[in-house]
Amino acid sequence: MATPLRFTPDRVEDPTGYAGLYADPALPQVVLPGLDTPVRLVTRHEDVKAALTEPRLVRDRSSIPGDLEQADPQAELLEQSLAAFPAEYRQYLSGHLALFDGDEHARRRHPLTRAFTARRVAAQRPFVEKTAHELIEALAGRAEADLLGEFAYPLSTAVICALVGVDPADQDRVCGWIRDFAYGDGSGVMEGLAGIVTYTKDLVARRRAEPSDDLVSALLEDGKLTDDEIVTVFFLLINTGITPPALFLAHAVLALLDHPDQLARLRAEPELLDRAVPELLRYVTLVRVGATLYATEDFEFAGTALQKGDSVTVALFGADHDPAAYDTPERLDVTREFGRGDGHLAFGHGPHYCIGAALGRLVTGTVFEELLVRRRAPVLAVDRADVEFGHWPGDGFHLLRLPVRL
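What you are looking at is a predicted structure, and each value in this text was computed from that prediction instead of being measured.

Caption draft 1: Molecular detail of the overall build of the chain. Helix and strand counts for the chain stand at 18 helices and 13 strands. Relative to a compact globule of 406 residues, whose C-alpha radius of gyration would be 22 Å, the chain shows 21 Å and is just as compact. A separation of at least 24 residues holds for 72% of the contacts in the chain among residues at least 6 apart in sequence. When the accessible surface of the chain is summed, it comes to about 17,700 Å², and 51% of that surface belongs to carbon and sulfur atoms. Distance between charge centroids for the chain: 4 Å, based on 41 positive and 62 negative side chains.

Put into structure tokens, the structure is as follows:
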């Protein structure tokens, strides 16, 4: 067997890093950044869509009967991610919807759909507009403002708190815990984790006694989830509804600053926002690599003979830059027209399609209109080479700060 390719963070988010893989008749074995366990990587757009709807590829390895000899890259990634947390909290951090299949996935996901109905999502627009405007006004005129830490993260956090039903009087305190847990300097992670768990358990008890028009009340009324699973839902929303959207907003703004002609075109023709949002989602594709999938039996997929227990993962970023699916995919084009559907895989595909996609589009469109169209465009407050990046295991680079002048 050929030696697995070792992916660096640079290669994960570099469109040219996939160029030689699209034409490979078989799925290459790769080792993702920071890991040691190889996995088959799906890169072609159509193959990625097929993998995400293939019933013989599942997320829950424990559901496959029999002893599996292959090493498990997802277990390695989870161990790295959860190693620092006390055992009593791990149940809240490992209940990600991406790790379940079939009936169990549906049981956990279905109650959440009530929080993301068209009515509930549309009702968030005035709050998003007001919050975005207030945050920008507070930063405007400063010599340097961190668009990620002082705007995108607080905005995403406020939206999730409102959606869950955190009482206005508690939002500063809860948002502080979320900041310490999800995107602080690391010194308050445990305090943030404990605070969120304790607060959410108390919120569940209060909403059971006095229901409101919020997610926790809806979950209690539905009755499909236990109290601990509702706490897990809050962490799911923190991990998927705060950090990725905040990072996307910052990366999308940086992409436009890197392409001033596209930013100028968007400012001159604000009606292009409806095209620019999906194009930026495609171009950035913040979640570059999907969850691990496991073959439930021996079968051939994408020209590759898979054995029961073999692990496969999808390169969402690679798929969104596949030249077979897009004309000059390496080019950011705010006028790009897509066909039916999203036109990209930034929100995934199939049963695990992002449940908050509509809210994400609303927030992105609202923020871009406020930040990029209605006022002077932001400019970098540091040299481009001095913009700071970091990376997580299994992923490419992500922004740590985005210093700008507004």
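Caption draft 2: Spatial organisation of the nonpolar core. With 94 residues, the main nonpolar core has Phe-151, Phe-235 and Phe-368 as its most contacted residues. For this core, the leading source of residues is helix α14 (residues 243-258), giving 11 residues. Those residues within four positions of Phe-151 in sequence are excluded, and the remaining contacts are Ala-132, Leu-135, Ile-136, Leu-139, Asp-146 and Val-367. Core analysis: the next-biggest nonpolar cluster, separate from the first, contains 17 residues, Leu-27, Phe-301, Leu-306 and Leu-316 among them.

Caption draft 3: Structural view of the sheet that holds strand β2 (residues 29-31). If you trace the six strands from one edge of the open sheet to the other, you get β1-β2-β3-β9-β6-β4, paired in mixed fashion. Strand pairing shows two members of the sheet lacking a second neighbour, β1 (5-6) and β4 (57-58), which therefore form its edges. Here three bridges tie strand β3 (residues 39-42) to strand β9 (residues 311-314), and the two strands are oriented parallel to one another. Looking across to β9, one finds that Val-42 is bridged to Val-314.

Caption draft 4: Main features of the pattern of salt bridges. Under the criterion given, the structure shown has 33 salt bridges. Across the salt bridge formed by Asp-258 and Arg-384, the nearest N and O atoms sit 2.8 Å from each other. One end of the pair, Asp-258, is in helix α14; the other, Arg-384, is in the loop between β10 (379-380) and β11 (389-391), with 126 residues separating them in the sequence. A salt bridge links Glu-369 to Arg-374; its shortest N-O distance comes to 3.5 Å. Residue classification places Glu-369 among the partly exposed positions, given a relative accessible area of 30%. Arg-374 sits in the exposed class, given a relative accessible area of 52%.

Caption draft 5: Main features of the side chain of Arg-40. With respect to the secondary-structure elements, Arg-40 resides in strand β3. For the buried Arg-40, no salt bridge exists, and the shortest N-O distance to an oppositely charged side chain is 5.5 Å, to Asp-310. In terms of polar contacts, Arg-40 uses its side chain to reach the backbone carbonyl oxygen of Leu-27, at 2.6 Å. Apart from the residues within four sequence positions on either side, Arg-40 is in contact with Leu-27, Pro-28, Gln-29, Thr-304, Leu-306, Ser-311, Val-312 and Thr-313.

Caption draft 6: Spatial organisation of helix α18 (residues 357-373). When the terminal C-alpha atoms of α18 are compared, their 23 Å separation across 17 residues agrees well with the 24 Å that a helix rising 1.5 Å per residue should span. Residues of α18 that are buried: Ala-357, Leu-359, Leu-362, Val-363, Thr-364, Gly-365, Thr-366, Val-367, Phe-368, Glu-370, Leu-371 and Leu-372. Check the buried side of α18 and you find it contacts α7 (118-123), α8 (125-139), α9 (148-164), α14, α15 (260-268) and α16 (273-284).

Caption draft 7: Seen up close, the environment of Arg-288. With respect to the helices and strands, Arg-288 occurs in the loop between α16 and β6 (293-295). Judged by its relative accessible area of 3%, Arg-288 falls in the buried class. Taking the C-alpha atoms as reference points, Arg-288 and Phe-317, 29 residues apart in sequence, are found 4.6 Å from one another. Excluding anything up to four places from it in sequence, Arg-288 contacts Val-12, Glu-13, His-251, Val-314, Ala-315, Leu-316, Phe-317, Asp-395, Gly-396 and Phe-397.

Caption draft 8: Focus on the sheet that holds strand β13 (residues 403-405). Reading across the sheet, the three strands line up as β5-β13-β10 and stay open at both edges, with antiparallel pairing between neighbours. The sheet is open, and its two edges are formed by β5 (145-146) and β10, each paired on a single side. In this sheet, β13 lies alongside β5 in antiparallel orientation, the contact comprising two bridges. Looking across to β13, one finds that Ala-145 is bridged to Val-404.

Caption draft 9: Main features of the packing of aromatic side chains. Applying the stated rule across the entire model yields eight aromatic pairs. Between the aromatic rings of Tyr-92 and Phe-235, the centroid separation amounts to 6.5 Å while the plane-to-plane angle is 20°, which identifies the pairing as stacked. Here Phe-235 lies in helix α13 (residues 227-241) and Tyr-92 lies in helix α5 (residues 87-93), a separation of 143 residues in the sequence. Phe-235 matches Tyr-92 in its accessibility class, with the two residues each being buried. Both rings, one in Phe-181 and one in Phe-235, keep their centres 5.4 Å apart while their planes meet at 80°; by these two values the pair is edge-to-face. In this pair, Phe-181 is assigned in helix α10 (residues 171-183) and Phe-235 in helix α13, connecting sequence segments 54 residues apart. You can call Phe-235 buried: its relative accessible area is 0%. A connected cluster of aromatic rings, assembled from ring pairs, spans Phe-85, Tyr-92, Phe-181 and Phe-235.

What counts, and where the lines are drawn
- Residues numbered from 1 in each chain as written.
- Predicted model: local features only at pLDDT ≥ 70, side-chain atom pairs only at ≥ 80, totals over all residues.
- Heavy atoms only, no water.
- Helix = DSSP H or I, 4+ residues; strand = E, 2+ residues; numbered from the N terminus.
- Rg over C-alpha atoms; globule rule 2.2 N^0.38 Å.
- Contact = heavy atoms within 4.5 Å.
- Areas by Shrake-Rupley, 256 points an atom, 1.4 Å probe, with all protein chains shown as cover.
- Lys, Arg positive; Asp, Glu negative; His and termini not counted.
- Charge placed at Lys NZ, Arg CZ, Asp CG, Glu CD.
- Core = buried A, V, L, I, M, F, W, Y, C linked by side-chain atoms within 4.5 Å.
- Buried < 20%, exposed > 50% of the residue type's maximum accessible area, 1.4 Å probe, protein only.
- Pairing = 2+ DSSP bridges.
- Salt bridge = Lys/Arg side-chain N within 4 Å of Asp/Glu carboxyl O.
- Polar contact = N/O pair within 3.5 Å; in protein donor to acceptor, adjacent residues only side chain to side chain.
- Expected span 1.5 Å × (residues − 1).
- Phe/Tyr/Trp six-rings, centres within 6.5 Å; stacked < 30°, edge-to-face > 60°.

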